[in-house]
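Residue-level structure breakdown
Each chain, written out:
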Amino acid sequence: FAKEQGRNTYRFFIPSINVEVEERLYLETDLRQALNLEQFMLFYQPEFNLHTGKVECLETLLRWQHPKRGIVGPGEFIPLAEDTGLIVPIGEWVLQEACRQVIAWREQGLPSIRVAVNISARQFRQSGFIEMVFRVLKQYGLAAEWLELEITESFVIQSAEHALNMFKVLRQSGISLAVDDFGQGYSSLSYLRKFPFTKLKMDRAFVKNVVNDPHDEAIAAAIIAMGDSLGQEVVAEGIETREQLDTLRTLGCPCGQGYYLALPMEGPKMAEFLQRVTGDSPAVLRAFRK
Ligand code: C2E
Ligand code: MG
Ligand code: MG
Ligand code: MG
């Protein structure tokens, strides 16, 4: 019986593996052509000052408009792009497109807002990364102070000395540096002090339970206090409800981002949003008035 079962599992297992491998190959072939076919696009999601309602920054979020699959989110292709190295040219495109868009908005008379670009470890380790960033800024005529790079906490922890020097060069040029998904990696205070980060993005796992779980509320409070004492701006990620917003404001969290405040939007919609609210979040303002 055991043998039979084993055989059944065996028969069941192999085809599903093949489907996965095949699927990945198709995806990889498509991904290799996506840049040339101009299938990538950026969405923008604002980060708000939770006390004034002002937009402080726009985070760029990459999307892939696949001819058959529709809009594909980064979770589905960034890991493959990293494995294949395709993230390097794709990441350069993201930076170019972000700079191009900010300048275009400025020319339309919209207020200048800092733009944040997600950088994966693979890009950061690629030689010539810093030179590429400076070259793109120059190409589009965007001053470094309008650019922020987001690096995940797990990468920061792994990379130590070499990364530290790169962070310093970037920071000295005026570029802002944010630690993304902060709080999950058990970062120590000492390395946070050593690295020139300007912002901590509190992982949305803490925001999710900040209303009901005293433990997560305590962690959120600790991250806010840490940012405060180290002079780093704290942004709570993934605010989805009024209650979460209220709790975070009560805890003194300076900034926030999330579906409750504003969804990620395509360029033209983002421009409309900025024009309509002149950079203020209706949800934050409602909470402000309560
Ligand atoms: P991230 O940088 O932490 O970005 C935040 C993610 O949370 C985004 O997902 C955003 O759409 C989503 N989000 C925003 N507000 C809420 C909310 O209230 N609730 C929930 N549940 N989610 C919210 P997205 O766009 O799917 O991006 C996922 C991840 O992919 C990003 O996480 C980032 O690590 C990566 N990524 C996105 N764009 C790029 C890129 O251009 N380059 C690289 N290397 N990575 C990127
Ligand atoms: Mg991010
Ligand atoms: Mg994040
Ligand atoms: Mg994340």
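Please refer to the structure higher up on the page.
Notes on the structure in this doc start here.

Rules used throughout
Residues numbered from 1 in each chain as written. Chains lettered and ligands numbered in written order. Predicted model: local features only at pLDDT ≥ 70, side-chain atom pairs only at ≥ 80, totals over all residues. Heavy atoms only, no water. Helix = DSSP H or I, 4+ residues; strand = E, 2+ residues; numbered from the N terminus. Contact = heavy atoms within 4.5 Å. Areas by Shrake-Rupley, 256 points an atom, 1.4 Å probe, with all protein chains shown as cover. Buried < 20%, exposed > 50% of the residue type's maximum accessible area, 1.4 Å probe, protein only. Pairing = 2+ DSSP bridges. Axes fitted to C-alpha atoms, helices over the stretch in contact; angles between N-to-C directions. Parallel < 35°, antiparallel > 145°, perpendicular 65-115°, else oblique. Left-handed = near helix turned anticlockwise from the far one by under 90°. Nonpolar A, V, L, I, M, F, W, Y, C, P; charged D, E, K, R; others polar. Core = buried A, V, L, I, M, F, W, Y, C linked by side-chain atoms within 4.5 Å. Near = heavy atom within 4 Å. Polar contact = N/O pair within 3.5 Å; in protein donor to acceptor, adjacent residues only side chain to side chain. Phe/Tyr/Trp six-rings, centres within 6.5 Å; stacked < 30°, edge-to-face > 60°. Donors = N, O, S within 2.8 Å, 3.2 Å for Na, K, Ca; no water. Expected span 1.5 Å × (residues − 1).

Of the regular secondary structure elements, the protein chain holds 12 helices and 10 strands. In the protein chain, once contacts between residues fewer than 6 apart in sequence are set aside, the share between residues at least 24 apart is 71%. Of the roughly 14,900 Å² of accessible surface on the protein chain, 53% is carried by carbon and sulfur atoms.

Successive side chains on a regular strand alternate, one facing one side of the sheet and the next facing the other. Counting buried residues along strand β1 (residues 40-49), 10 of its 10 residues qualify, which places the element largely inside the surrounding structure. Residue alternation in β1 divides its side chains into two sets, F40, L42, Y44, P46 and F48 and M41, F43, Q45, E47 and N49, and both sets are buried. Direction of pairing for β1 relative to strand β2 (residues 55-66): antiparallel, over a ladder of 9 bridges. Bridging from a neighbouring strand, F48 pairs with V55 of β2. Taking the residues between adjacent antiparallel strands as the criterion, β1 and β2 are bridged by 5 residues, where G53 takes a positive phi near 85°.

Turning to the packing of helix α3 (residues 87-107) against helix α5 (residues 129-140), a few remarks are in order. Running from amino to carboxyl end, α3 crosses α5 at an angle of 30°, the nearest separation of the two axes being 10 Å. By the angle between their directions, the pair α3 and α5 is classed as roughly parallel. The crossing of α3 and α5 is right-handed. Contact with α3, carried on its side by E92, L95, Q96, C99, R100 and I103, involves M132, V133, R135, V136, L137, Q139 and Y140 of α5 and no other residues of that element. Class assignment for the residues of the contact of α3 with α5 results in 8 nonpolar, 2 polar and 3 charged.

Moving on to the nonpolar core. Membership of the largest hydrophobic core comes to 81 residues, with the highest contact counts inside it found for L31, F124, F129, L147, L149, F167 and F197. Take this core: its biggest share by element is 9 residues, from α3. Apart from the residues lying within four places of it in its own chain, the contact partners of L147 are L95, R114, V115, V117, V133, L137, I175 and S176.

We now examine the site of ligand 1. Near ligand 1, the surroundings consist of 23 residues, among which R63, N118, D180, E240 and Y259 are the closest. Here an oxygen atom of ligand 1 and a side-chain polar atom of E237 are 3.2 Å apart. Taken by itself ligand 1 offers 810 Å² of open surface, and the protein chains cover 83% of this. Looking at the shell around ligand 1, the elements with two or more residues in it are β2, α2 (74-84), α3 and β6 (176-182). Sort the elements by how many residues they give to the shell around ligand 1 and β2 lands first, with 4 residues. Of the residues that constitute the shell around ligand 1, the class distribution is 9 nonpolar, 6 polar and 8 charged.

Summed over the entire model, instances satisfying the criterion amount to 11 aromatic pairs. Look at F40 and W64: their rings are 6.1 Å apart centre to centre, the planes differ by 40°, and that puts the pair in the tilted class. Here W64 lies in strand β2 and F40 lies in strand β1, a separation of 24 residues in the sequence. Overall, W64 belongs to the buried group, its relative accessible area being 0%. Here the aromatic rings of F124 and F167 are separated by 5.1 Å at their centres, their planes lie at 40°, and the arrangement is tilted.

Put simply, the ideal angle at a metal is 109.5 degrees for four donors in tetrahedral geometry and 90 or 180 degrees for six donors in octahedral geometry. Coordination of the magnesium ion (ligand 2) by the protein is provided by E59 (OE), N118 (OD1), E150 (OE) and D180 (OD), with metal-donor distances spanning 2.0 to 2.2 Å. In primary-sequence terms, the residues that donate to the magnesium ion (ligand 2) follow E-x58-N-x31-E-x29-D. In this structure, the magnesium ion (ligand 2) lies 3.9 Å away from the magnesium ion (ligand 3), the two metals sharing D180 as a donor. Linking N118 in strand β4 (residues 114-118) with D180 in strand β6, this pair joins segments that are 62 residues apart in sequence. N118 gets classed as partly exposed once you look at its relative accessible area, which sits at 29%. Classification of D180 as buried rests on a relative accessible area of 7%.

Quick look at α3 now. Helical geometry note: an α-helix holds 3.6 residues per turn, so side chains three or four residues apart project in the same direction. The end-to-end C-alpha distance of α3, which contains 21 residues, comes to 30 Å, matching closely the 30 Å that a straight helix rising 1.5 Å per residue would cover. Downstream of α3 by a residue or two, G109 has a phi angle that is positive, lying close to 90°.

Taken by themselves, the reported measurements are silent on function.
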